[in-house]
Amino acid sequence: VAELTAYCLMLGDDALVLSQRLAEWCSRAPELEEDVALANIALDLLGQARLLLSRAGEVEGAGRDEDTLAYLRDEHEFRNVRLVEIDCGPGPGGDFASTIARLLVFSSWRLAVFSRLVESADPVLSAVAAKGVKELAYHRDHAAQWTLRLAGGTEYSRERMVAGLARVWPLVGELFDPHPVELALPGVAVDPSLLRPEVDQVLDTVFGAAGLHRPEIAPLSPVAGRTGRDGAHTEALGYLLAEMQYLARSLPGASW
Amino acid sequence: VAELTAYCLMLGDDALVLSQRLAEWCSRAPELEEDVALANIALDLLGQARLLLSRAGEVEGAGRDEDTLAYLRDEHEFRNVRLVEIDCGPGPGGDFASTIARLLVFSSWRLAVFSRLVESADPVLSAVAAKGVKELAYHRDHAAQWTLRLAGGTEYSRERMVAGLARVWPLVGELFDPHPVELALPGVAVDPSLLRPEVDQVLDTVFGAAGLHRPEIAPLSPVAGRTGRDGAHTEALGYLLAEMQYLARSLPGASW
Amino acid sequence: MDAEREREFDRVVAAEQRVEPRDWMPDGYRKTLIRQIAQHAHSEIIGMQPEANWISRAPSLRRKAILLAKVQDEAGHGLYLYAATETLGADREDLTTRLVQGRQKYSSIFNYPTLTFADVGVIGWLVDGAAICNQVPLCRTSYGPYARAMIRVCKEESFHQRQGYELLMTMMRGTEAQRRMVQDAVDRWWWPSLMMFGPPDDASSNTERSMAWRIKRHTNDELRQKFVDMTVPQAEALGVTLPDPELRWNPERGHHDFGQIDWDEFWRVVGGDGPCNRQRVDHRRAAHENGAWVREAAAAYAAKQARQEGAA
Amino acid sequence: MDAEREREFDRVVAAEQRVEPRDWMPDGYRKTLIRQIAQHAHSEIIGMQPEANWISRAPSLRRKAILLAKVQDEAGHGLYLYAATETLGADREDLTTRLVQGRQKYSSIFNYPTLTFADVGVIGWLVDGAAICNQVPLCRTSYGPYARAMIRVCKEESFHQRQGYELLMTMMRGTEAQRRMVQDAVDRWWWPSLMMFGPPDDASSNTERSMAWRIKRHTNDELRQKFVDMTVPQAEALGVTLPDPELRWNPERGHHDFGQIDWDEFWRVVGGDGPCNRQRVDHRRAAHENGAWVREAAAAYAAKQARQEGAA
């Protein structure tokens, strides 16, 4: 039970935090069509997050609903990978190219996870995955198309795309590190270490078409042996949560 | 009593919020000397804020100390002028020139206030003012020197300085609008409308030496007749407070 | 020849039929429409900002999803409306340039700040409500593409309005702090909402011709009265006080009387000195400028693809 | 001639006297000092970031003031130390360029993130504590300006260390959540603090010559042992557990034994792949580049003033 709860939080937090990041583009995207598209992707991920956090709360059985889990957990209780929390723009830490690079990597990886999760012995996870694969396929496609455009557009956009990939690459390895929680749930959870060849192939296809190379950058170190999955995050997450949770925390007892 | 409390909050919040803004430069200033100088000014203002908020709590007599007032009031309870809360850099809303422009205007105004407040019938306000005038004279001087350097440096820096003044100018008028609280405390509070000629003269001297003109930009409208002094702020303050107050609010009962 | 076309055009309009993009139309009609639809599109786009301001801080995941979807719809409305101007020969890039240079207007209501989450609900209720009053008649406007766009826009905005009202209902049933937030938001948005119908009829220069062309169908004051009459009972149901001591039912007129609008404020905000005018335009300009390299890349890529396909 | 100067230099150093800027000194000594002092200066400057990360969020105004003053002191230390390198003929702009291009190092400890406010206290206690162990001997280092800078730096750092420890004491007396934060921070910072003394003596290439020149006075392992012995009773007083099961008093050695340091991690972080290496250098580079126009303006203004005074 503790493992299943933790697993739902892992996948739910990934979606919640990336959704929060993508929604930052809302009213700031390079063109209106992209305002619509990024909001759409953020909404899909938010939907996945709500189902997964609700499931986590249900399995845990301690009366925590999606909002309690989203708004009243502290930073070290968040189980998302560090990739989704860093600022890839529109803040000063990134730009549209790094947003696309992250989305390409993340949605390729998550699509591989969800494709297997469809077979999960947990009926809720299986249903969430079945709905999610279609969404994620669209996200991946959207990111791949922009990768081609930016890599094959102007000299400047190509530089940005290369830099964007370099920005996110140190955090890619973490996606495939199996966590004890995942290994403790055979038939229910997906072991991400098995997905690397498949995801690499997808990425290599996109990189090939875009004339890009897979970056050669070492992975970001864990902190005291812990990564995002263990609650050890980057300095970016604290700010993100402060903004996200402030109102909910400052009016305890309010209903919305 | 209510008026004196409110007056201390007005002057205290001005200092607290501008201190928070200036401290954002810490580790991001254009040169190390300026990291030191801006931190110094932020510290002076933080010191003034602590004394004034403590005094507000003491006069109010409801057991609220400086931290309760700083961390547990909601946005609409903050009484600072809107000038101090807007993003004048290092965030995307400004740059070093607008930071300097704001500091020049604010410290010239506050020095004029404090010079009179030294005579206040309230002994604490009088003591805070006596200590503050020296600090504020230094802040004003620092800002004036940078105004000269930026206005008389390169073509680009001159453009930035002109734009920086234009950025803050719509919020200058509010500094001199007398608030009912100020008018209700003759001999204790300072009526800011009396200070305009003096402050204008100071600014005109700096502008004259820098070859700048006083901007001609209409003041920013109040919202439903209310300005910062009445708790009606810009959209910037909510984010500032979310960041500032988050930790204090998320661990109720903790002592630091 | 032109005189004959003009008679035909006048006949179509008078018969409540639709003018379509390929039909002949008077220059003034075309220009008036481009200006009006562009301002409407700009309003949708600028209108994203005050609400997007609360997406990251929405206090529940459900409200976050509703708000994000709503702001996304606004971007969508902007897109249809820019497309409608393009059927009249306008160019979206050119209109955007006018917007970010401050040469074309958008609805002044978006020059007010959103200070609490209750503002999100009040914008849905009052601002979308006023917009719907303005826009429902436009669903029968004489220019076809505009009328069709408005049908879709109005449908979605009614949905947004209901969501806004529902949020306020929930908040009014919540804590004392929440009720205070709602009342405060109503106090701030009520008068600006009334200003959304434009200056009083005796000061409105464009009304007469626009009505003849069936671009407009009711005067500003008629629409404003309709909005007030519609909103008063909703405010009562909600349990909030509208901030106008002169507001009361007048049985003789069969309408609510209401107090004097502060037209000085109206003109000040229209003139550029509202609480957020510079902020809104700066925000839009920054997004537009920061995104220029992306749009250039997409155009360059599309051109290369087209060349390759031509060569193959 | 050089041989004679070198004998005189060796005599001065061996006699524990000070070498001053105008004195002759061997090239290797000068280069070693510039490198070491520059790295130290860089460490102060980069070291501002992990703590500045909490200024805006400090949970009380008193702690905010203490933290802001501390980070300001670090900028001040950086300034003295760059000034000391300039007495050796180095150029601050050039050293900064090396830093932001990743060509000169700084203390690896600052490549770890500050994840809670307890980290502020633990940095004061452990990181400043380790720095003091390293730096106290430098107050007697052979190069005068460096030694004098270190006296001031050490004094201020002792003060910071006490403030850090006091924060932790307060937190340990607070709520359960606060105690958990402190223990978690200690778990994360303990091993990196031990790494601050550098590689083990048998892997440290520069130690021997630096000791002969009286730039360094103790080996890495000696200082590390001293730090451990000093810290263990402080941890007990605080009520936290140091995350090392092998840590225990060895009465025969008269020192604490402790576990094996993860030198792979050490070299990985030194090599650039710690949790924050890129972030720290990017932050510094962005500040430097964003401030270039301001420094240029100040220089241009000063030049104009000088010309005017010359002309007058």
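Numbers given to residues run from 1 along each chain, matching the order in which its sequence is written. Each chain gets a letter, beginning with A, and each ligand a number, beginning with 1, in the order they are written. In view of the model being predicted, local features appear only for residues whose pLDDT reaches at least 70, and side-chain atom pairs are presented and counted only at 80 or more, with totals across whole chains, interfaces and linings using the full set of residues. Hydrogens and water molecules were not included; the side-chain quantities draw on all heavy atoms of the structure.

Labelled according to an unreviewed UniProt entry, chain C appears under the name 1,2-phenylacetyl-CoA epoxidase subunit A, originating from Actinophytocola xanthii.

Across its full length, chain A holds ten helices and zero strands. Runs of H or I in DSSP of at least four residues are treated as helices and runs of E of at least two as strands, each being numbered from the N terminus. Along chain A, from the amino end to the carboxyl end, the secondary structure elements read α-α-α-α-α-α-α-α-α-α. Put simply, the radius of gyration uses C-alpha atoms, and a globule should come to 2.2 Å times the residue count raised to 0.38. Since a compact globule built from 256 residues should have a radius of gyration of about 18 Å, the 18 Å found for chain A is in line with a globular shape. With the C-alpha coordinates of chain A rotated into their principal frame, the extents come out at 55 × 40 × 35 Å. Three labels apply to residues, based on accessible area from a 1.4 Å probe with only protein chains included: buried if under 20% of the type maximum, exposed if over 50%, partly exposed otherwise in between. Here chain A holds 256 residues, and the buried ones make up 62% of them. Throughout, a contact is declared for two residues whenever any of their heavy atoms are within 4.5 Å. Taking the intrachain contacts of chain A between residues at least 6 apart in sequence as the baseline, contacts between residues at least 24 apart amount to 78%. Reported accessibility uses the Shrake-Rupley method at a 1.4 Å probe radius. Residues are deemed covered only where the shown protein chains occlude them. Only carbon and sulfur atoms are counted for the fraction: they give 55% of the accessible area of chain A, which is about 8500 Å². Note that His is not counted, nor are the chain ends; the positive residues are Lys and Arg, and the negative ones are Asp and Glu. Every charge is mapped to an atom, namely NZ of Lys, CZ of Arg, CG of Asp or CD of Glu. Side chains of chain A carry 23 positive and 37 negative charges; the gap between the two charge centres is 1 Å.

Turning next to the overall build of chain C. Each helix and strand in chain C was counted, giving 13 helices and two strands. Scaling as 2.2 N^0.38, a compact globule of 312 residues should have a C-alpha radius of gyration of about 20 Å, and chain C matches this with 21 Å. For chain C, buried positions account for 58% of its 312 residues. If you take every contact in chain C between residues at least 6 apart in sequence, the share linking residues at least 24 apart comes to 77%.

Method remark: on a 1 Å grid restricted to protein atoms, a set of points is classed as a cavity if a 1.4 Å probe fits but cannot get out and as a pocket if it is open with protein on both sides within 12 Å along at least five of seven lines; lining residues have an atom within 4 Å of a point. Grid points are joined across faces, edges and corners, and a volume is the space filled by probe spheres set on the points. Scanning the model with the defined rule gives three cavities of 30 Å³ or more in all. Taken as a whole, the largest cavity encloses approximately 320 Å³ of empty space. Around the largest cavity, the lining comprises 22 residues; the ones closest to its centre are B:Asp74, B:Glu75, B:His76, C:Leu115 and C:Thr116. Where the lining of the largest cavity is concerned, the elements lending two or more residues are helix H10 (235-250) of chain A, helix H10 (235-250) of chain B together with helix H8 (176-195) of chain C. Here the lining of the largest cavity gets five residues from one element, more than from any other, and that element is H8(C).

A word on unusual backbone geometry. At the junction of A:Gly89 and A:Pro90, the peptide bond is cis and its omega measures out at 5° in the coordinates. Positionally, A:Pro90 belongs in the loop between helix H3 (66-71) and helix H4 (96-117). Of note in the backbone geometry, A:Ser27 takes a positive phi value of approximately 85° without being a glycine. Its place among the elements puts A:Ser27 in the loop between helix H1 (2-23) and helix H2 (32-60). Classification of A:Ser27 by relative accessible area gives buried; the value is 3%. We note that C:Glu16 has phi near 60°; this positive angle belongs to a residue other than glycine. Residue placement: C:Glu16 occurs in the loop between helix H1 (2-14) and helix H2 (27-46).

Attention now goes to the interface of chain C and chain B. On the side of chain B, 18 residues touch chain C, which itself brings 20 residues to the contact. Accessible area that two parts lose when put together, evaluated with a 1.4 Å probe and summed over both, is termed the buried area. The junction of chain C with chain B conceals about 1500 Å² of combined surface from both sides, 48% of it contributed by carbon and sulfur atoms. Counted as salt bridges are all cases of a side-chain nitrogen of Lys or Arg within 4 Å of a carboxyl oxygen of Asp or Glu. Of the charged contacts, one joins C:Arg280 and B:Glu235 as a salt bridge, the two residues approaching to 2.7 Å between their closest N and O atoms. Any pair of N or O atoms that falls within 3.5 Å is considered a polar contact. Within protein, one atom must be able to donate a hydrogen and the other to accept it, and sequence-neighbouring residues count only if both atoms are side-chain atoms. The interface formed by chain C and chain B contains eight residue pairs in polar contact (both at pLDDT 80 or more). When contributions to the side of chain C that touches chain B are tallied by element, the ones reaching two or more residues are H8, helix H11 (263-273) and helix H12 (277-290) of chain C. Sort the elements by how many residues they give to the side of chain C that touches chain B and H8(C) lands first, with four residues. Put simply, Ala, Val, Leu, Ile, Met, Phe, Trp, Tyr, Cys and Pro go in the nonpolar bin, Asp, Glu, Lys and Arg in the charged bin, and everything else, Gly too, in the polar bin. Residues belonging to the side of chain C that touches chain B are distributed by class as follows: six nonpolar, five polar and nine charged.

With that settled, the discussion passes to the pattern of salt bridges. Residues and elements named next belong to chain C. Summed over all chains, the structure comprises 74 salt bridges over all chains. Note that Asp119 is salt-bridged to Arg188, the shortest N-O span being 2.7 Å. Remark: Arg188 occurs in helix H8 and Asp119 occurs in helix H6 (residues 117-135); sequence separation between them is 69 residues. When its relative accessible area of 0% is taken as the criterion, Asp119 is described as buried. We classify Arg188 as buried; its relative accessible area is 3%.

Before going further, it helps to examine the packing of aromatic side chains. How two aromatic rings sit relative to each other is given by the distance of their centres and the angle of their planes. Aromatic pairing here means that ring centres of Phe, Tyr or Trp (its six-membered ring) are within 6.5 Å. Orientation follows from the plane angle: under 30 degrees is stacked, over 60 is edge-to-face, and everything else is tilted. In this structure the tally under the stated criterion is 32 aromatic pairs over all chains. Ring centres of C:Phe9 and C:Tyr29 lie 4.8 Å apart, and the angle between their planes is 75°; on these two criteria the pair is classed as edge-to-face. Placement of the pair is C:Phe9 in helix H1 and C:Tyr29 in helix H2, with a sequence separation of 20 residues. Among the residues examined, C:Phe9 registers a relative accessible area of 4% and is labelled buried. Geometrically, the ring pair formed by C:Tyr29 and C:Trp213 is edge-to-face, given 5.6 Å between the ring centres and 90° between the ring planes. Of this pair, C:Tyr29 sits in helix H2 while C:Trp213 sits in the loop between helix H9 (207-212) and helix H10 (220-238), placing them 184 residues apart in sequence. The buried category is assigned to C:Trp213, whose relative accessible area is 13%. What links up through ring pairs into an aromatic cluster is the set C:Phe9, C:Trp24, C:Tyr29 and C:Trp213. Criterion for a charge above a ring: Lys NZ or Arg CZ within 6 Å of the ring centre, and within 35 degrees of the ring normal. Seen from the ring of A:Trp146, A:Arg149 lies directly overhead, with NZ or CZ sitting 4.6 Å from the centre.

A residue's pLDDT is simply how confident the predictor is in it, with values from 0 to 100. Looking at chain C as a whole, its pLDDT mean stands at 95, while 99% of the residues score no less than 70. This prediction of the complex comes with two scores: 0.97 for pTM and 0.97 for ipTM.

Residues and elements named next belong to chain A. H10 packs onto H1 with a crossing angle of 80° between their chain directions and a minimal axis gap of 11 Å. Between H1 and H10, the crossing angle belongs to the class labelled roughly perpendicular. The residues of H10 that touch H1, namely those facing Leu16, Val17, Gln20 and Arg21, are Ala236, Leu237, Leu240 and Met244. Looking at side-chain class alone, the contact of H1 with H10 contains six nonpolar, one polar and one charged residues. Axis lines are fitted to C-alpha atoms, over the contacting stretch for helices. Their N-to-C directions set the angle, which ranges from 0 to 180 degrees. These descriptions rest on fixed angle ranges, namely under 35 degrees for roughly parallel, over 145 for roughly antiparallel, 65 to 115 for roughly perpendicular, and the rest for oblique.

The next subject is the packing of helix H4 (residues 96-117) of chain B against helix H5 (residues 123-151) of chain B. Residues and elements named next belong to chain B. The interhelical angle for the contact between H4 and H5, taken along N-to-C directions, is 150°, at an axis separation of 7 Å. Put simply, H4 runs roughly antiparallel to H5. Crossing hand, H4 versus H5: left-handed. For the contact of H4 with H5, the class distribution of residues is 18 nonpolar, seven polar and two charged. Crossing handedness follows the turn of the near helix against the far one: under a right angle anticlockwise gives a left-handed crossing, and clockwise gives a right-handed one.

With that out of the way, let us pick up the interface of chain D and chain B. Across the boundary between the two partners, chain D contributes 47 residues, which contact 46 residues of chain B. The contact between chain D and chain B buries some 3900 Å² in all, and 70% of this surface belongs to carbon and sulfur atoms. On the chain D side of the interface with chain B, the three residues burying the most area are D:Leu61, D:Gln72 and D:Trp293, jointly 19% of the side's total. Between D:Arg92 and B:Glu33 there is a salt bridge whose closest N-O contact spans 2.8 Å. Among the elements of the structure, helix H3 (48-52), helix H4 (61-86), helix H7 (144-172), helix H8 (176-195), helix H12 (277-290) and helix H13 (292-311) of chain D are those that each provide at least two residues to the side of chain D that touches chain B.

Because an α-helix packs 3.6 residues into every turn, residues spaced three or four apart end up facing the same way. Residues and elements named next belong to chain C. For H10, which comprises 19 residues, the first-to-last C-alpha distance of 26 Å matches the rise-based estimate of 27 Å (1.5 Å per residue) to within 8%. Bend at a given residue is defined as the angle between two axes, one fitted to the seven residues that end at that position and one fitted to the seven that begin there. Taking the largest bend as the criterion, H10 deviates by roughly 25°, centred on Thr231, and proline Pro233 comes between one and four positions later. Residues of H10 that are buried include every one of Asn220, Leu223, Arg224, Gln225, Phe227, Val228, Asp229, Thr231, Val232, Ala235 and Leu238, and no others. Lining the buried residues of H10 we find H6, helix H7 (144-172), H8, H9, strand S2 (255-257) and H11. Of the residues flanking the end of H10, it is Gly239, one or two places downstream, whose phi is positive at about 90°. Take the number of residues in a helix, subtract one, and multiply by 1.5 Å to get its expected span.

Our focus in this paragraph is the state of the cysteines. Residue and element names in this part refer to chain C. The rule for a disulfide is simple: a pair of cysteine sulfur atoms within 2.5 Å. Counted by the stated rule, this structure contains zero disulfides over all chains. The thiol of Cys154 is unpaired, and the distance to the nearest cysteine sulfur, on Cys139, comes to 3.8 Å. On the accessibility criterion, Cys154 (6% relative accessible area) is buried.

All names here are of chain B. Here Leu83 shows up in the loop between helix H3 (66-71) and H4. Judged by relative accessible area, which is 0%, Leu83 ranks as buried. Between the C-alpha atom of Leu83 and that of Arg167, which follows or precedes it by 84 residues, the distance is 10.0 Å. For Leu83, the contacting residues outside a window of four places in its chain are Arg102, Val105, Phe106, Val168, Leu171 and Leu175.

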